[in-house]
Amino acid sequence: MPEPDGQLSEISTTAPTFVFVHGLTSNSFFWTPVVRELALLGHRSLPVDLPGHGLDGSIPLSYQAQDIAAFTTGPSPMAAITVQDNVTHVIDAVRQVRRHGPVILVGHSLGGITIGLVGNAIPEAIQRIVYLSAFCPSTPDAPSAMALSQTPEALKDVPIPNPDHSLFLGMEPVSRGLIRFNLRSADPEALEDFRVTNMPEATLEQMLLVLNFGMQPEDGAQTNFADARVEADTWGRIPRSYIRLTRDNVISAALATKMIDDADRLTPDNPFDVHSLEAGHAGVMFRARELAAILDRLV
């Protein structure tokens, strides 16, 4: 029987399902290794494609042909996607999954913005919320992922990107609501800069697999700038975990500490349960077995 609007079914099973939310320019394929490892431990998982991602995404012909000038200046439906579109999409997935048991909601990187807002909206539907080196804004001074990325903590002890050799295609698309990368670049310096920043433990060959299977060349920019502060009286009721990645050069150790401490001050009676994993920001998927073991202990 369908649920009335705004209500959730009672559930009788105690077996949780992990619902995974990817980060910027990523997709559900990113989670394949950890879904496999969790299945071997007896756990259900649902990796979500946010709107415009995965098989709902697109590869412009200009990008396919490596006409980068045309790709950079061309339009994209991704520019119209808002953070609320992402939140609504994940809420629908959580509600459907919760008919079968509790939900553990996991977000990586920019996916932290979406899962935090989902927690604000439907805290009663989430057994635990897990931030995998993910953004968690909670203060007026840094209410968004972009604001957090510009704090002094974000720049501490991480490599400085090389603007002359980068897969990032510049700020002009961002002003039109888009973030674009040339993931098929043959520039060895740009590829090495991306590897060191995102997955320092990976070889070039491993990184190329991630670029081709787990990432896509464009994303909407609105989620980066949205006010996404978590709320004490809703999100703050959910048991929560933060998994720090000790080789992360995207979300620095200092920024992770700041986000954890800020959120704990917001809800001191429900602090983060903190874990660490030796992995880079995107290279964490090469440590899927270890990540699955941490998640298994959270059940």
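Residues numbered from 1 in each chain as written. Predicted model: local features only at pLDDT ≥ 70, side-chain atom pairs only at ≥ 80, totals over all residues. Heavy atoms only, no water.

### Concerning the overall build of the chain
What the chain contains, in helices and strands, is twelve helices and eight strands. Along the first, second and third principal axes, the C-alpha set of the chain runs to 55 × 40 × 40 Å. Within the chain, contacts between residues at least 6 apart in sequence are counted, and of these 80% link residues at least 24 apart. Of the roughly 13300 Å² that the chain leaves accessible, carbon and sulfur atoms contribute 56%. (Helix = DSSP H or I, 4+ residues; strand = E, 2+ residues; numbered from the N terminus. Contact = heavy atoms within 4.5 Å. Areas by Shrake-Rupley, 256 points an atom, 1.4 Å probe, with all protein chains shown as cover.)

### Section: the sheet that holds strand β2 (residues 44-48)
The six strands lie next to each other as β2-β1-β3-β4-β7-β8, forming an open sheet whose pairing is parallel. Taken across any chain shown, the strands that pair with only one partner, and hence form the sheet edges, are β2 and β8 (273-277). Ignoring which end each strand starts from, the neighbouring axes of this sheet average 20 degrees apart. Of the strand pairs in this sheet, strand β3 (residues 103-108) and strand β4 (residues 128-132) are connected by five bridges, and their pairing is parallel. Residue G107 lies in a different strand from β4, and its bridge partner there is Y131. Its contacts with the sheet put helix α11 (residues 253-266) on β7 (240-245) and β8, and the angle it makes with β7 is roughly 170 degrees. Its contacts with the sheet place helix α12 (residues 288-297) against β1 (17-21), β3, β4, β7 and β8, and it is angled at close to 165 degrees to β8. (Pairing = 2+ DSSP bridges. Axes fitted to C-alpha atoms, helices over the stretch in contact; angles between N-to-C directions.)

### Focus: the pattern of salt bridges
In total, this model carries ten salt bridges according to the counting rule given. Across the salt bridge formed by E218 and R180, the nearest N and O atoms sit 2.9 Å from each other. Taken together, the positions of E218 in strand β6 (residues 218-220) and R180 in strand β5 (residues 178-180) put the pair 38 residues apart, joining distant regions of the chain. One exposure class covers both E218 and R180, and it is buried. Residues joined by salt bridges that share partners form a network here, namely R36, E37 and R289. (Salt bridge = Lys/Arg side-chain N within 4 Å of Asp/Glu carboxyl O. Buried < 20%, exposed > 50% of the residue type's maximum accessible area, 1.4 Å probe, protein only.)

### Considering the confidence of the model for the chain
When pLDDT is averaged along the chain, the result is 94; 96% of the residues meet or exceed 70. A low-confidence stretch, residues 1-6 (pLDDT under 50), is modelled with five contacts involving residues beyond four sequence positions or located in other chains. (pLDDT = per-residue confidence, 0-100.)

### Some points on the packing of helix α8 (residues 188-198) against helix α9 (residues 204-213)
In a packed pair of helices, the relevant descriptors are the angle between the two axes and the axis-to-axis distance. Look at α8 against α9: their axes get within 11 Å of each other, and the N-to-C directions meet at 85 degrees. It follows from the interaxial angle that α8 and α9 lie roughly perpendicular. Along the contact surface, α8 presents L191, F194 and R195, while α9 presents L204, M207, L208 and L211. Among the residues making up the contact of α8 with α9, the classes are represented as six nonpolar, no polar and one charged. (Parallel < 35°, antiparallel > 145°, perpendicular 65-115°, else oblique. Nonpolar A, V, L, I, M, F, W, Y, C, P; charged D, E, K, R; others polar.)

### Quick word on the nonpolar core
If you look at the biggest cluster of nonpolar residues, it comprises 44 residues, and the most contacted ones within it are L105, Y131 and F135. Other than its neighbours up to four places away in sequence, Y131 contacts G107, G112, I115, G116, C136, V230, W235, S241, Y242, I243 and F272. Grouped together as the second largest cluster of nonpolar side chains are 41 residues, F20, Y63, L183 and M199 included. (Core = buried A, V, L, I, M, F, W, Y, C linked by side-chain atoms within 4.5 Å.)

### Overview of α12
If you check which residues of α12 are buried, you get A288, L291, A292, I294 and L295. Taken end-on, α12 shows its buried residues confined to a sector of 160 degrees, consistent with a single buried face. Opposite the buried face of α12, by more than 90 degrees, sit the exposed residues R289 and R297. Of the surrounding elements, those touching the buried residues of α12 are β1, α1 (32-40), β3, β4, β7 and β8. (Arc of directions from axis to C-beta.)

### A closer look at the pairing of β2
Two elements, β1 and β2, share five bridges in a ladder whose sense is parallel. Looking at the pairing, V21 lines up with V48 of β2. Crossover handedness for the path β1 to α1 to β2: right-handed. (Right-handed = clockwise from strand over helix to strand, strands pointing away.)

### Focus on the pairing of β1
Most of β1 is tucked away, with five of its five residues classed as buried. Going residue by residue along β1, you find T17, V19 and V21 tucked away on one face and F18 and F20 tucked away on the opposite face as well. Note: β1 against β3, five bridges, orientation parallel. Its bridge partner being in β3, V19 is matched across the sheet by L105.

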